[in-house]
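# Summary of the model geometry
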Amino acid sequence: MSEDTRVTAETRTEFGKGFARRTRAAGKIPAVIYGHGTQPQHISLPGHQTALILRKANQVLELTIDGVESLALVKDVQKDPVTQIIEHIDLIVIRKGEKVQVEVNVHLEGESAPGTMATQDSQTVLLEVLATSIPESVTVSIEGLEEGSVVRASDIELPAGSTLITDEETVIVGVTIPTEEPDDEPAEGEGAAESTSPAPADAE
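Quick look at the structure, then. One numbering rule holds for all chains: residues counted from 1, following each sequence as written. The predicted nature of this model means local features are confined to residues of pLDDT at least 70 and side-chain atom pairs, given and counted, to a pLDDT of 80 or more, with totals for whole chains, interfaces and linings taken over all residues. Computation of side-chain values: all heavy atoms of the structure, hydrogens and water removed.

Before going further, it helps to examine the side chain of threonine 50. Helical segments are the DSSP runs of H or I of at least four residues, strand segments are the runs of E of at least two, and each set is numbered from the N terminus. Relative to the assigned elements, threonine 50 resides in helix H2 (residues 47-53). Relative accessibility thresholds used throughout: buried, under 20% of the residue-type maximum; exposed, over 50%; partly exposed, between the two (1.4 Å probe, protein chains only). Owing to a relative accessible area of 1%, threonine 50 belongs among the buried residues under this scheme. Residues count as neighbours in contact if any of their non-hydrogen atoms are within 4.5 Å of one another. Once residues within four sequence positions are removed from consideration, threonine 50 is found in contact with Val7, Ile29, Leu45 and Ile89.

Take a look at the structure:
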């Protein structure tokens, strides 16, 4: 575990929207920890430090609460839809050696064959991994893939100790040749011919 994920939290006994607003105004983030049959524990996390940690997905926090240390996986982050300020965090208690299921981002690497286009159909895959060794992403190489090539979930090279939970047949990337947009413009000269046709003579 990294020292960057060590966080000292405070127990909170007050609840409600008013208290949550005061907590955020004080530079802290309301959070709740649950799991392993324990009673939900309501805490406040240091706002700036926690926001920096959460720039990466699936983070595990090394919490110190009232002098007691524990590990918790970030399960859900609620943000204001306009300001993107973190309003609340849900955490799940985990144990060292425990495995968890998490959505992991799929990162494409390289370029498909000239004249083709690679379309990513799935942005994430579901993996079962050690809670203390969650990968930030998995990489799929599309270098040189020809038209008609398909990369499925089963083709992904997984990190050591990881198990694929997503259906193996799930399409991650497909390679095609882009179709040209139909040209609705009039053929060259057609418009000009119409505009330069002599007007009919007025009947006498």
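It is worth spelling out the sheet that holds strand S9 (residues 124-130) at this point. Spatially, the four strands line up as an open sheet ordered S10-S7-S9-S12, and their pairing is mixed. Either end of the sheet is taken by a strand with one partner, and the two such strands are strand S10 (137-141) and strand S12 (163-164). By the bridge criterion, two bridges tie S9 to S12 in an arrangement that is antiparallel. Residue pairing in the sheet places glutamate 128 in a bridge with threonine 163 of S12. At least two bridges found by DSSP between two strands are what make those strands a pair.

Along the chain, valine 175 turns up in strand S13 (residues 171-176). Exposure remark for valine 175: the relative accessible area of 3% places this residue in the buried category. Remark: the alpha-carbon pair of valine 175 and serine 149, spanning 26 residues in sequence, is separated by 5.3 Å. When sequence neighbours within four positions are dropped, the list of residues in contact with valine 175 reads Ser112, Thr116, Met117, Ala118, Leu145, Glu146, Glu147, Gly148 and Ser149.

Let us now look at the pattern of salt bridges. Throughout this description, the term salt bridge denotes a Lys or Arg side-chain nitrogen within 4 Å of a carboxyl oxygen of Asp or Glu. Evaluated as defined, the whole model comprises three salt bridges. A salt bridge links arginine 6 to glutamate 62, with the nearest nitrogen and oxygen atoms 3.8 Å apart. Within this pair, whereas arginine 6 is found in strand S1 (residues 6-11), its partner glutamate 62 is found in strand S4 (residues 60-65), the two being separated by 56 residues in sequence. Assessed through its relative accessible area of 17%, glutamate 62 is described here as buried. Across the salt bridge formed by arginine 152 and glutamate 169, the nearest N and O atoms sit 3.7 Å from each other. One end of the pair, arginine 152, is in strand S11 (residues 150-152); the other, glutamate 169, is in the loop between S12 and S13, and 17 residues separate them in sequence.

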